[in-house]
Amino acid sequence: MGKALPITISLLAILSVLVYVGIPIPLGSLDSRLERLAGSLLDREVRIGGPSRLIFSLHPSLTIKDLSIGNPVNWNSSKPVLRAHEGTARIDLLALLKGQVRSEALELEKVAVNLITGPTRETNFSFSLSEQSLDSDPQGQDFTRLDTLRLSEIQVNYQEQLSCKSYELIINQARGNGDPD
């Protein structure tokens, strides 16, 4: 009994330090589930080409490698609307415990965006929530806020199919802050 208390205190101290610093948890086996979840929310094909991992800490983060968001269904382009070499989202743990998903920061690196306006003025970059996500369980997680968005090494390609014009824009870095309301 005399040795149990110091061992327990030591283990709790080590666990506290690990949670403060961050415990990496590989999520490669959950990539297909993450793809389906994001795909049903965006009503588009979402692919994760590399391993993903969760860092469990006071400010948990989810990192995904080789993220690709496809075009709308029946779109005639093979290039996805967005591709990122790596994406990291830091999540507010207290909001998550309340059933809300609040991203403190979303960072995307080596981003390629392919925007297309079709011959009848339809676009591949208009997003809306899918019918399935609107009818989902009301007790699920609600995305409530994105505080900061950071993008680096961005290449934006815009193609207007009616006039056959194309434009390319390269941006080293972009940052935006969300409104708390």
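Within any chain, residue numbers begin from 1 and follow the written order of that chain's sequence. Confidence filtering applies because this is a predicted model: local features only for residues at pLDDT of at least 70, side-chain atom pairs given and counted only at 80 or more, and all residues used for totals across whole chains, interfaces and linings. Processing note: side-chain calculations cover all non-hydrogen atoms of the structure and skip hydrogens and water entirely.

Regarding the environment of Leu-106
- Along the chain, Leu-106 falls in strand β6 (residues 100-117).
- Note on classification: 1.4 Å probe, protein chains only; a residue is buried when its accessible area is under 20% of the maximum for its type, exposed when over 50%, partly exposed between these limits. Looking at Leu-106, the relative accessible area reads 26%, which means it is partly exposed.
- Residues Leu-106 and Ser-61, spaced 45 residues apart in sequence, show a C-alpha to C-alpha distance of 9.4 Å. A run of H or I in DSSP counts as a helix once it spans at least four residues, and a run of E counts as a strand once it spans at least two, with each numbered from the N terminus.

A short note on unusual backbone geometry
- The backbone of Asn-74 shows a phi angle near 65°, a positive value even though the residue is not glycine.
- Turning to its location among the elements, Asn-74 is positioned in the loop between β4 (61-69) and β5 (82-91).
- Judged by its relative accessible area of 78%, Asn-74 falls in the exposed class.

Focus: the confidence of the model for the protein
- Predicted confidence across the protein gives a mean pLDDT of 80, with 80% of residues reaching 70 or more.
- The low-confidence segment residues 132-140 (pLDDT under 50) makes four contacts with residues lying over four places distant or belonging to another chain. Confidence scores labelled pLDDT are given residue by residue by the predictor and lie between 0 and 100. Contacts between residues were defined by any pair of non-hydrogen atoms, one from each residue, lying within 4.5 Å.

Brief notes about the nonpolar core
- Membership of the largest hydrophobic core comes to 13 residues, with the highest contact counts inside it found for Leu-67, Ile-69, Leu-82, Ala-84, Val-111 and Val-113.
- Of all the secondary structure elements, the ones that give two or more residues to this core are β2 (46-48), β4, β5, β6 and β7 (142-160).
- Not counting residues up to four positions away in its chain, the partners in contact with Leu-82 are Leu-67, Ser-68, Ile-69, Val-111, Ala-112 and Val-113. Residue types Ala, Val, Leu, Ile, Met, Phe, Trp, Tyr and Cys, when buried and joined through side-chain atoms within 4.5 Å, form a set referred to as a nonpolar core.

Topic: the pattern of salt bridges
- Whenever Lys or Arg places a side-chain nitrogen within 4 Å of a carboxyl oxygen from Asp or Glu, that contact is recorded as a salt bridge. Enumeration over the complete set of coordinates arrives at six salt bridges.
- A salt bridge links Glu-45 to Arg-47, with the nearest nitrogen and oxygen atoms 2.6 Å apart.
- The exposure class of Glu-45 is partly exposed, given its relative accessible area of 46%.
- The exposure class assigned to Arg-47 is partly exposed, which follows from its relative accessible area of 46%.
- With its nearest N and O atoms 3.2 Å apart, the salt bridge here joins Asp-66 to Arg-83. Of this pair, Asp-66 sits in strand β4 while Arg-83 sits in strand β5, placing them 17 residues apart in sequence.
- For Asp-66, a relative accessible area of 28% translates into the label partly exposed.

A few points about the packing of aromatic side chains
- Here a pair means two rings of Phe, Tyr or Trp (six-membered ring of Trp) with centres within 6.5 Å. Their orientation is stacked below 30 degrees between planes, edge-to-face above 60, and tilted elsewhere. Using the criterion set out here, one finds one aromatic pair in the structure.
- Relative to Tyr-167, the ring of Tyr-158 lies with its centre 6.2 Å away and its plane at 25°, an arrangement referred to as stacked.
- For Tyr-158, a relative accessible area of 22% translates into the label partly exposed.
- With relative accessibility at 47%, the residue Tyr-167 sits in the partly exposed group.

Some remarks on helix α2 (residues 31-42)
- An expected span of 1.5 Å times one less than the residue number is assigned to each helix. Given a rise of 1.5 Å per residue, twelve residues ought to cover 16 Å, and the 16 Å separating the end C-alpha atoms of α2 matches this to within 8%.
- Taken residue by residue, α2 has Asp-31, Glu-35 and Gly-39 as its buried positions. The buried residues of α2 all sit within an arc of 65° when viewed along its axis, so they share a single face. Projecting away from the buried face of α2 at angles above 90 degrees are the exposed residues Arg-33, Arg-36 and Leu-37. For this quantity, the arc is that covered by the directions from the helix axis to the C-beta atoms.

Brief notes about the layout of surface pockets
- Here the second largest pocket is characterised by a volume of approximately 180 Å³.
- Breaking the lining of the second largest pocket down by element, the ones donating at least two residues are β2 and β4. In the cavity and pocket records, a cavity denotes points on a 1 Å grid over the protein atoms alone where a 1.4 Å probe fits but cannot get out, a pocket denotes an open set with protein on both sides within 12 Å along at least 5 of 7 lines, and lining residues are residues with an atom within 4 Å of a point. Grid points are joined across faces, edges and corners, and a volume is the space filled by probe spheres set on the points.

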